[in-house]
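# Observations on chain architecture
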Amino acid sequence: MKYKKKSVFRQMYDTLPTERPQAPKTAWVNEIAAVAKVHPTTVRCWLAGTQKPDELRTDIIAKHLGVSAKELFNS
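Cut-offs and rules
- Residues numbered from 1 in each chain as written.
- Predicted model: local features only at pLDDT ≥ 70, side-chain atom pairs only at ≥ 80, totals over all residues.
- Heavy atoms only, no water.
- Helix = DSSP H or I, 4+ residues; strand = E, 2+ residues; numbered from the N terminus.
- Rg over C-alpha atoms; globule rule 2.2 N^0.38 Å.
- Buried < 20%, exposed > 50% of the residue type's maximum accessible area, 1.4 Å probe, protein only.
- Contact = heavy atoms within 4.5 Å.
- Areas by Shrake-Rupley, 256 points an atom, 1.4 Å probe, with all protein chains shown as cover.
- Arc of directions from axis to C-beta.
- Polar contact = N/O pair within 3.5 Å; in protein donor to acceptor, adjacent residues only side chain to side chain.

This paragraph deals with the overall build of the protein chain. Within the protein chain one finds 5 helices and 0 strands. Helices and strands appear in the protein chain in the N-to-C order α-α-α-α-α. Over its C-alpha trace the protein chain gives a radius of gyration of 21 Å, far above what one expects of a compact globule, namely 11 Å for 75 residues. Seen through its C-alpha atoms, the protein chain measures out along the principal axes to roughly 65 × 25 × 25 Å. Taking all 75 residues of the protein chain together, the buried fraction comes to 16%. In the protein chain, 19% of the contacts between residues at least 6 apart in sequence involve partners at least 24 apart. Working note: accessible area of the protein chain is about 6700 Å², and carbon and sulfur atoms make up 58% of it.

On to helix 4 (residues 55–65), then. Helical periodicity: at 3.6 residues per turn, an α-helix aligns residues three or four positions apart in one direction. Three or more residues of helix 4 are buried, namely Thr-58, Ile-61 and Ala-62. Along the long axis of helix 4, the arc covered by the buried residues comes to 100 degrees, so they all point the same way. Exposed residues lying more than 90 degrees from the buried face of helix 4 are Leu-56 and Lys-63. Packing partners of the buried residues in helix 4 comprise helix 2 (24–36), helix 3 (40–48) and helix 5 (69–72). Sitting at the amino-terminal end of helix 4 is Asp-54, which places a side-chain oxygen 3.3 Å from the backbone nitrogen of Leu-56. Of the residues one or two after helix 4, Gly-66 is the one with positive phi, at around 75 degrees.

This is the structure:
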């Protein structure tokens, strides 16, 4: 089988990075999701106020962020 030279078009595609940097807010949501062991969508629900985490997760997140658990989700 002969080696087929890649087209310039394909070579340009191959030089692109496989990953792009995440937006800071997306990275933060993903970090909190990993710490709390939940899906990022759950964290977004917490941010929107449609759900609140249970007490254990609230304590874990508060410790991670260095804030009081009582203040974390109270408006």
